[in-house]
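In case you want the letters, here they are:
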Amino acid sequence: MRKLLAWLLWLWLSAVIVGAFLYAPLAKGFIGQSSRILFFHVPMAWVSFVAFIAAGVWSLLFLRGRDPKHDRAAAVAVELGVLFGVLATVTGALWARVMWGAYWNWDPRQTSIVVALLFYGAYLALRSSLEDRDQRARLSAAYAVLGLVVAPFLFFIMPRIMFSLHPQSVINAQGKVEMESRMVQVLLGGSAGCTALFFWIHNLRCRVQALAERKSALYE
Amino acid sequence: MVTGGIGWVVAVNLIIWTGLFLYLLRLGARLRDLEKKP
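Analysis parameters
- Residues numbered from 1 in each chain as written.
- Chains lettered and ligands numbered in written order.
- Predicted model: local features only at pLDDT ≥ 70, side-chain atom pairs only at ≥ 80, totals over all residues.
- Helix = DSSP H or I, 4+ residues; strand = E, 2+ residues; numbered from the N terminus.
- Rg over C-alpha atoms; globule rule 2.2 N^0.38 Å.
- Buried ≥ 20, exposed ≤ 12 C-beta atoms within 10 Å, placed from the backbone.
- Contact = placed C-beta atoms within 7 Å.
- Nonpolar A, V, L, I, M, F, W, Y, C, P; charged D, E, K, R; others polar.
- Expected span 1.5 Å × (residues − 1).
- Arc of directions from axis to C-beta.
- Axes fitted to C-alpha atoms, helices over the stretch in contact; angles between N-to-C directions.
- Parallel < 35°, antiparallel > 145°, perpendicular 65-115°, else oblique.
- Left-handed = near helix turned anticlockwise from the far one by under 90°.
- pLDDT = per-residue confidence, 0-100.
- Core = buried A, V, L, I, M, F, W, Y, C linked by C-beta atoms within 7 Å.

## Some thoughts on the overall build of chain A
Piece 1. Secondary structure summary: chain A contains 6 helices and 0 strands in total.
Piece 2. When the helices and strands of chain A are listed from N to C terminus, the series reads α-α-α-α-α-α.
Piece 3. A globule of 220 residues ought to have a C-alpha radius of gyration of about 17 Å, and chain A, at 19 Å, matches this closely.
Piece 4. Summarising its shape, the C-alpha atoms of chain A cover approximately 60 × 45 × 30 Å along the three principal directions.
Piece 5. Going through the 220 residues of chain A one by one, you find that 33% of them count as buried.
Piece 6. Taking the contacts inside chain A whose residues are at least 6 apart along the sequence as the reference set, 75% of them involve residues at least 24 apart.

## Digging into the overall build of chain B
Piece 1. The helix and strand tally for chain B stands at 1 helix and 0 strands.
Piece 2. Out of the 38 residues in chain B, the part that is buried amounts to 0%.

## A short note on unusual backbone geometry
Residues and elements named next belong to chain A.
Piece 1. Within the chain, Arg 66 stands out as a residue other than glycine whose phi angle is a positive 55°.
Piece 2. Given 13 C-beta atoms within a 10 Å radius, Arg 66 is considered partly exposed.
Piece 3. Notably, Trp 106 is not glycine yet its phi reads approximately 55°, a positive angle.

## Re the interface of chain A and chain B
Piece 1. Each partner contributes to the interface: chain A provides 14 residues, whereas chain B provides 13 residues.
Piece 2. When contributions to the side of chain A that touches chain B are tallied by element, the ones reaching two or more residues are α1 (2–23) and α6 (181–219) of chain A.
Piece 3. Of the residues forming the side of chain A that touches chain B, the biggest block, 8 residues, is contributed by α1 of chain A.
Piece 4. Classifying every residue of the side of chain A that touches chain B by side-chain character gives 12 nonpolar, 1 polar and 1 charged.

## Examining helix α4 (residues 108–129) of chain A
Residue and element names in this part refer to chain A.
Piece 1. The terminal C-alpha atoms of α4, which comprises 22 residues, lie 31 Å apart, in line with the 32 Å expected from a rise of 1.5 Å per residue.
Piece 2. For α4, every residue scored as buried is listed here: Arg 109, Gln 110, Ile 113, Ala 116, Tyr 120 and Tyr 123. Looking down the long axis of α4, one finds its buried residues gathered within 140° of arc, a one-sided arrangement. Among the exposed residues of α4, those pointing more than 90 degrees away from its buried face are Leu 118, Ala 122, Ala 125 and Ser 129.
Piece 3. Those residues of α4 hidden inside the fold are in contact with α2 (38–65), α3 (68–99) and α5 (133–161).

## So, the packing of α3 of chain A against α5 of chain A
All names here are of chain A.
Piece 1. Axis separation between α3 and α5 bottoms out at 10 Å; the angle between their running directions is 55°. Here α5 runs oblique to α3, going by the angle between their axes. Crossing of α3 over α5 shows left-handed handedness. Contact with α3, carried on its side by Pro 68, Asp 71, Ala 74, Ala 75 and Val 78, involves Ala 137, Ser 140, Ala 141 and Ala 144 of α5 and no other residues of that element.
Piece 2. Its residues placed into classes, the contact of α3 with α5 shows 7 nonpolar, 1 polar and 1 charged.

## Quick word on the confidence of the model for chain B
Piece 1. The predicted model of chain B averages 89 in pLDDT, with 89% of residues at 70 or higher.
Piece 2. Note on the complex model: pTM 0.91, ipTM 0.89.

## Quick word on the nonpolar core
Residues and elements named next belong to chain A.
Piece 1. Counting 50 residues, the largest nonpolar core has Ala 51, Ala 55, Ala 74, Ala 77 and Val 78 as the members making the most contacts within it.
Piece 2. Mapped onto this core, the elements with two or more residues apiece are α1, α2, α3, α4, α5 and α6.
Piece 3. Residues contacting Ala 55, with those up to four places away along its chain left out, are Ala 74, Ala 77, Val 78, Gly 81, Ala 144 and Gly 147.

## Comments concerning the environment of Ile 113 of chain A
Residues and elements named next belong to chain A.
Piece 1. For Ile 113, the position within the fold is in helix α4.
Piece 2. For the pair Ile 113 and Arg 207, spaced 94 residues apart in the sequence, the C-alpha separation amounts to 29 Å.
Piece 3. If near-sequence neighbours (up to four positions away) are discounted, Ile 113 is found in contact with Gly 85, Ala 88 and Thr 89.

## Digging into the packing of α3 of chain A against α6 of chain A
Residue and element names in this part refer to chain A.
Piece 1. Where α3 meets α6, the axes come as close as 9 Å, and the angle between the chain directions of the two elements is 125°. What the angle tells us is that α3 and α6 run oblique. Crossing hand, α3 versus α6: right-handed. Contacts from Arg 72, Ala 73, Val 76, Ala 77 and Leu 80 in α3 reach Phe 198, Ile 201, His 202, Arg 205, Cys 206, Gln 209 and Ala 210 in α6.
Piece 2. Partitioning the contact of α3 with α6 into residue classes produces 8 nonpolar, 2 polar and 2 charged.

So this is what it looks like as structure tokens:
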């Protein structure tokens, strides 16, 4: 069953890749094929946000039940969130080079994702600086819960309250979708597929961590 | 010509994605084996 789901995901994301280049039309007002990066950049930024929120939720569960499994899940979610956030930043910078003439312009969108990455980079630094397992789990859980407020602000509110050259979101400020329907289909398909990919990688990484902890406990 | 160029990009993307997918699939199988060990 698990294998079947995995192969369905392979098929789904393969269809998204084909759709991004051969099915979706080019967006108006963009140079050359540059708008196609949208189908990879937006899902990566979305997954990064999902990962940070999931980390906050797992941290809340940890603070409630003190189950180390939840602490591990939160830490892995932050690691993956940072990874996807970096990928979103890099793809965004490549697009900015084509459209705005420079990789980095301190646009509110670029700045807010860097602040988010620094915030969660500090979470990882905090974890690695504490040796006591319980203290590390408690403090980092409290920090990740704070992220439940910080992440929505940085991803959705800050870029909207400041003037930005960044293209409008899929759902614009007026609450309308003005994107061509085939583009919306590929974009939503890509976001859903990448979210599933995130949870799959998260599951594998948590299991690797659990085995590593089991092994180190044997030698302690 | 444009379709030819895009075709290569699609092929490279599919190869990268399939490589990552097979790696994850193998990792899952390996983990299941290790988890069974006492």
